[in-house]
Amino acid sequence: MLNQIVLIGRLVKDIEVKSLTSGVHVTSFNLAVQRNFKNKNNENETDFINCVAFGNIAKIMNQYCFKGQLICVSGRLQIRSWESEHGKRYATEVIVNNIEILEWKKDIQKQAENYFDNVPNVEISEDSLPF
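All values reported here derive from a predicted model rather than from experimental measurement.

The rules we used
- Residues numbered from 1 in each chain as written.
- Predicted model: local features only at pLDDT ≥ 70, side-chain atom pairs only at ≥ 80, totals over all residues.
- Heavy atoms only, no water.
- Core = buried A, V, L, I, M, F, W, Y, C linked by side-chain atoms within 4.5 Å.
- Buried < 20%, exposed > 50% of the residue type's maximum accessible area, 1.4 Å probe, protein only.
- Helix = DSSP H or I, 4+ residues; strand = E, 2+ residues; numbered from the N terminus.
- Contact = heavy atoms within 4.5 Å.
- Polar contact = N/O pair within 3.5 Å; in protein donor to acceptor, adjacent residues only side chain to side chain.
- Arc of directions from axis to C-beta.
- Pairing = 2+ DSSP bridges.

Remarks on the nonpolar core
Here comes step 1: Judged by nonpolar contacts, the single largest core of 17 residues is most densely connected at Phe29, Met61 and Ile71.
Here comes step 2: Of all the secondary-structure elements, those providing two or more residues to this core are strand E1 (5-11), strand E3 (25-38), strand E4 (44-54), helix H1 (55-64), strand E5 (70-84) and strand E6 (87-101).
Here comes step 3: The dominant element in this core, judged by the number of residues it contributes, is E6, at four residues.
Here comes step 4: Ignoring any residue separated from it by four or fewer positions in sequence, one finds methionine 61 in contact with Leu11, Ile15, Phe29, Ala53, Ile71 and Ile99.

And the structure:
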């Protein structure tokens, strides 16, 4: 049997790492993945996929990844269930075992500089990026 998933998308927000009681680092994040077909309004739709990374991958993501960055993750799909006061609940998420950063801060900075080239007296910083 095979349970493998590969996604390319943009981080919805900055990474926040937590430590479990066992000392293992963990981060949960959403990846915005654009569908490769258009809807009836001729627009691409986006899926927001829940992902979880543990250990060194979580620490690396915390250090090098940021909101809006294009990354590729691979891992396995996991569906958890639990009982709550509202009945049985489910969560579907990708457990990440590999990450590839496809776009670095310098690349984003360069895109922003090109974007603002024709605008006078604009200072470029991470806060002024167009995404």
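Observations regarding the side chain of glutamate 93
Here comes step 1: Here glutamate 93 shows up in strand E6.
Here comes step 2: A polar atom in the side chain of glutamate 93 sits 2.7 Å from the side chain of arginine 80.
Here comes step 3: Leave out the neighbours within four places in its chain, and glutamate 93 touches Asn50, Val52, Arg76, Leu77, Gln78 and Arg80.

Some points on H1
Here comes step 1: Those residues of H1 not exposed but buried are Ile57, Ala58 and Met61. Viewed end-on, H1 has its buried residues packed into an arc of 100°, placing them on one side of the element. Exposed side of H1, more than 90 degrees from the buried face: Asn56 and Gln63 are the residues found there.
Here comes step 2: Residues of H1 that are buried make contact with E1, E3, E4, E5 and E6.

Regarding the pairing of E6
Here comes step 1: Both E4 and E6 contribute to a ladder of three bridges, which runs parallel. Each bridged residue has a counterpart across the sheet, and for cysteine 51 the counterpart in E6 is valine 94.
Here comes step 2: Summarising the sheet, E5 and E6 pair through 14 bridges and their orientation is antiparallel. Considered in E6, the bridge of valine 73 is made with isoleucine 99.

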